[in-house]
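Breakdown of the fold
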Amino acid sequence: MASLPKADDDSTASQPGTDDGTTVPQPDAGTDPGVSDAAPAGEPADRPADADEEPAAPGDELTEAGADTEPTPEAAGDDPTDPASRHEDEPATATTRPGWFGWRRRYPRAATAVRVGTTVLAGALVLTVLLIPNRLDWMSVQAFLRLPVEAVFLAAVLLVLPSRARRITAGVLGVILGLSAILKCLDMGFRETLARPFDLVFDWVLLSDGADWVKDSFGRSGELLAVAGVIVLIVAVLALSVLATMRLANTLARHRTVAVRATLVLGVAWVVCFTLGVQFGGVTFATKGYAQYLSNRVKYVRDGLGDADVYKKQMAVDAFARTPSDQLLTGLRGKDVMLTFIESYGRVAIDDPTMGPEVDATLKAGDARLKAAGFSARSGWLRSPVTGAGSWLAHSTFLSGTWVENQQRYRSLTTSKRATLTSYFQKTGAWRTVGIVPGVRKAWPEGKYFGLDHIYDSTHLGYQGPYFSWTPVPDQFSLEAFQKLEHGKKNRDPIMAEIILASSHNPWSPIAHTIDWKDLGDGKVFYKIKKEGTNPTEVWKSSKRVRTEYRKAIQYSLDSLTQWMQRYGDDNTVLVFLGDHQPVPTVTGGTSNRDVPVTVVARDPKILDRISDWGWTEGLKPADNAPEWAMNTFRDRFMTAYGSTPGPAATTTAH
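A brief report on the enclosed structure follows.

Reading the values: the criteria
Residues numbered from 1 in each chain as written. Predicted model: local features only at pLDDT ≥ 70, side-chain atom pairs only at ≥ 80, totals over all residues. Heavy atoms only, no water. Helix = DSSP H or I, 4+ residues; strand = E, 2+ residues; numbered from the N terminus. Buried < 20%, exposed > 50% of the residue type's maximum accessible area, 1.4 Å probe, protein only. Contact = heavy atoms within 4.5 Å. Areas by Shrake-Rupley, 256 points an atom, 1.4 Å probe, with all protein chains shown as cover. Polar contact = N/O pair within 3.5 Å; in protein donor to acceptor, adjacent residues only side chain to side chain. Pairing = 2+ DSSP bridges. Axes fitted to C-alpha atoms, helices over the stretch in contact; angles between N-to-C directions. Parallel < 35°, antiparallel > 145°, perpendicular 65-115°, else oblique. Left-handed = near helix turned anticlockwise from the far one by under 90°. Nonpolar A, V, L, I, M, F, W, Y, C, P; charged D, E, K, R; others polar. Arc of directions from axis to C-beta. 1 Å grid on protein atoms, 1.4 Å probe; cavity = no way out; pocket = protein on both sides within 12 Å on 5 of 7 lines; lining within 4 Å. Points joined across faces, edges and corners; volume = space filled by probe spheres on them. Salt bridge = Lys/Arg side-chain N within 4 Å of Asp/Glu carboxyl O. Core = buried A, V, L, I, M, F, W, Y, C linked by side-chain atoms within 4.5 Å. Phe/Tyr/Trp six-rings, centres within 6.5 Å; stacked < 30°, edge-to-face > 60°. Patch = residues over 30% accessible without salt bridge, like charges linked within 9 Å, V, L, I, M, F, W, Y side chains within 5 Å.

This next bit is on the overall build of the protein. Within the protein, the regular secondary structure consists of 20 helices and 13 strands. A buried classification covers 49% of the 655 residues belonging to the protein. Taking contacts inside the protein between residues at least 6 apart in sequence as the whole, the part at least 24 apart equals 77%. Just so you have it, the protein exposes about 30200 Å², and 58% of that area is on carbon and sulfur atoms.

What follows deals with the side chain of D352. Checked against the element boundaries, D352 lands in the loop between α9 (348–351) and α10 (356–372). Within polar-contact distance, the side chain of D352 engages the side chain of T354 at 2.3 Å. Contacts of D352, omitting those with residues within four sequence positions, involve P357 and R547.

Within strand β10 (residues 573–579), 7 of the 7 residues are buried, which leaves it mostly tucked inside the rest of the structure. On β10, burial covers both faces: T573, L575, F577 and G579 on one face and V574, V576 and L578 on the other are all buried. Two elements, strand β5 (residues 336–342) and β10, share 7 bridges in a ladder whose sense is parallel. By the bridge assignment for β10, L339 is matched with V576. Bridge count between β10 and strand β11 (residues 595–602): 5 bridges; the pairing is antiparallel.

Here we take up the packing of helix α4 (residues 149–160) against helix α5 (residues 163–194). For the pair α4 and α5, interaxial distance at closest approach is 9 Å and the crossing angle is 155°. Considering the angle they form, α4 stands roughly antiparallel to α5. α5 is crossed by α4, and the crossing has right-handed handedness. Residues L154, V157 and L158 of α4 form the contact with α5, whose own contacting residues are R166, T169, A170 and L173. The residue inventory of the contact of α4 with α5, partitioned by class, reads 5 nonpolar, 1 polar and 1 charged.

Moving on: the environment of L558. By the element assignment, L558 lies in helix α17 (residues 543–568). According to the relative accessible area criterion, L558 is buried, its value standing at 4%. For the pair L558 and A365, spaced 193 residues apart in the sequence, the C-alpha separation amounts to 9.9 Å. Apart from residues no more than four positions distant in its own chain, L558 is found in contact with I342, Y345, V359, T362, L363 and F577.

A few words on helix α20 (residues 634–641). Residues F634, R635, F638, M639 and A641 constitute the buried set of α20. For α20, the angular spread of the buried residues around the axis is 165°, confining them to a single face. Elements that come into contact with the buried residues of α20 comprise β6 (376–383), α11 (391–400), α13 (421–428), β10, β11 and β13 (628–630). Remark: G643 follows α20 within two positions and exhibits a positive phi of approximately 95°.

A separate point is empty space enclosed by the protein. A complete count under the given rule lists 4 cavities of 30 Å³ or more for this structure. Lining the second largest cavity, in full, are F468, S469, W470, T471, S503, H505, N506, P507, W508, S509, P510 and I511. Its residues assigned to classes, the lining of the second largest cavity shows 6 nonpolar, 6 polar and no charged.

On to the side chain of R547. In this structure, R547 sits in helix α17. At 3.2 Å, the side chain of R547 forms a polar contact with the side chain of T354. Reaching out from R547, the side chain makes a polar contact with the backbone oxygen of V587 at a distance of 2.3 Å. R547 has contacts with D352, T354, M355, T586, V587 and T588, leaving out every residue within four places of it along the chain.

A word on the pattern of salt bridges. Counted under the stated rule, the structure contains 22 salt bridges. Residue E538 is joined to K541 by a salt bridge in which the shortest nitrogen-to-oxygen separation is 3.1 Å. When salt bridges with common partners are traced through the structure, they connect R347, D351, D595 and E628 into a single cluster.

This next bit is on unusual backbone geometry. In this structure, P507 follows N506 across a cis peptide bond, with omega equal to 20°. Among the secondary structure elements, P507 is positioned in the loop between β9 (495–501) and α15 (526–531). Cis geometry marks the peptide bond from S509 to P510; its omega dihedral reads -10°. Looking at the secondary structure, you find P510 in the loop between β9 and α15. Look at L329: it is not a glycine, yet its phi comes out positive at around 55°. If you trace the backbone, L329 turns up in the loop between α8 (289–315) and β5. With a phi close to 60°, W508 is a non-glycine residue in the positive phi region.

Time to look at the layout of surface pockets. If you add up the space inside the second largest pocket, you get close to 600 Å³. Along the walls of the second largest pocket sit 23 residues, with A151, A155, L248, L252 and L266 positioned nearest its centre. Those elements that place two or more of their residues in the lining of the second largest pocket are α3 (108–131), α4, α5, α6 (204–254) and α7 (256–276). Looking at side-chain class alone, the lining of the second largest pocket contains 17 nonpolar, 6 polar and no charged residues.

Here we take up the nonpolar core. Burial of nonpolar side chains together is a common tendency in soluble globular proteins. Counting residues in each nonpolar core, the largest one holds 55 residues, and the members touching the most others are Y345, F482, F526, F577 and V601. Here this core gets 10 residues from one element, more than from any other, and that element is α17. For F482, the contacting residues outside a window of four places in its chain are M338, V434, I436, H487, I495, A497, I499 and W564. Counting 49 residues, the second largest nonpolar core, distinct from the first, contains L452, V600, A602 and F638.

Quick look at the packing of aromatic side chains now. The geometry of an aromatic ring pair is captured by the separation of the ring centres together with the interplanar angle, meaning the angle of the planes. The full count for this structure, using the stated rule, is 24 aromatic pairs. Measuring from ring centre to ring centre gives 6.0 Å for W508 and W540, while their planes differ by 15°; the resulting arrangement is stacked. In this pair, W508 sits in the loop between β9 and α15 while W540 sits in the loop between α16 (536–539) and α17, placing the two residues 32 residues apart along the sequence. Note on W508: relative accessible area 1%, which makes it buried. A residue is classified by how much of its surface remains accessible, and W540, at 28% relative accessible area, is partly exposed.

Attention shifts here to a nonpolar patch on the surface. On the surface, I168, V172 and I176 cluster together into a nonpolar patch covering about 260 Å² of accessible area. Counting through the fold element by element, I168 comes out in helix α5. For I168, a relative accessible area of 53% corresponds to the exposed category.

Dropping the structure here:
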């Protein structure tokens, strides 16, 4: 008779017995209690019909790896002859599964190492998911040296559940942990790009936009590789999370006594540390951060689902909805008005100590250029609803006078009757309204909502040159096209133009540079300029280079615009230009500031006199203490300053 294997826990009884104290003989190791040991050597004995062994679950092969014998019922102090005395989730057999080709029996030490190692890795994976922050700037060693209450709670739940329920629960928990790990990764990416976490209600459409950006920046092959890599990672994370939780659940069941004691000790330790506020390295040791993270996510989703009704009420308030057309924008009649957005032109370009001096020199040169042509300027700050990306949301906020911070609001707005600044120009009948939108490369049905009589997208500007990464048309060419297609025509009506300059769009490599306006032609001259430019893959290996290229792109856009004004502007030209949002955190350093510069330029002194009470700074560069307004307030301030009279009712039907 083989000796009784020692139980995995420390509570082995000297000899198990029956209820009346009679000693029960020990079965041979490797055999099931009550089964004849006449089975061939090395083969597991046949099980009795009432054996209660659990079928193999995912990860069971590794779970059993290297264990020469399983703990027998005797080690737990139960009667092996009484099936009712066994725990439901304990195997009724002490037999080791041989593994593929019987490798576990032939290499017991290696099997033991695999068993222990994979269990440790499973625990490490679960703890990592529970503890990892959803922000890269919060990542530190101390963040992972904490005790999460969720781990203690989940262990307790798995210990009290019966076999089948435990397996199902472990699988579900694995899926939840995997999905939350993916969500945290999305949060990290969105914070690095948009300085905010991923929105489970509104941001799914941005994933498609992200794929388009990768395609435009790194080519079709780069997009395919990126998408394939993301899919593989998602599947791998979910699979590993499920396998890890299943393995840990099986381990807890096999070592129930030790697991129960450890769970109780850790639970008490968590309560004590949490109550006393114990910290290591400035980080709280006892944490409930994962539960708080999920709770916050649920709250964000609930708020997002209710946001539609909130925004609908906001859209309904419009001071000029009932104003007669002849009382709108009377102070600009006869003027050509250009509402121009410079992509990613944020406050960091002016305030940053490394970029500021270069941009300041460009603004001073632009000031001198405009003054020489008889123009004056006033500048201030606007706070954008977005940062890093989402230009269309900023444009909509500026033009509609409502706070458009997500895609749902954008869709609600563009399917409503809410008037925009551009549509008010159109409503007067005193201007031809046009859009110069080189960033639009496919159908844009929302364009009709903004009240534009004609839209020139990237395919209708006459450009035959190359893309500059994401940018389809260089800014200088876009402005020259506007001159040829609209502004330079003879005997025309006044123009209101919405112009979007896209050369300063991420990834800022390669970048065009200004050339003689006479040499622009059909744009093919830019092939040589692009060839001489930088490679975005190389640029993005260094945050310093990214910041440098961003600064150069902003300088190019500013130079193109001020040169156009000097070359083609006249007494009737009024230019309003602004940034749409701050650049990505790689450039901003993670600041929460969302300010963008805004400037009004005109030769007619009456134009600037109308905004003299705004307190804006003279010139193209706003002072640090210049007024800071929310971007959605500009529309009504502008319309009021230039002669629009609020109508008899301050509301309109939004839909």
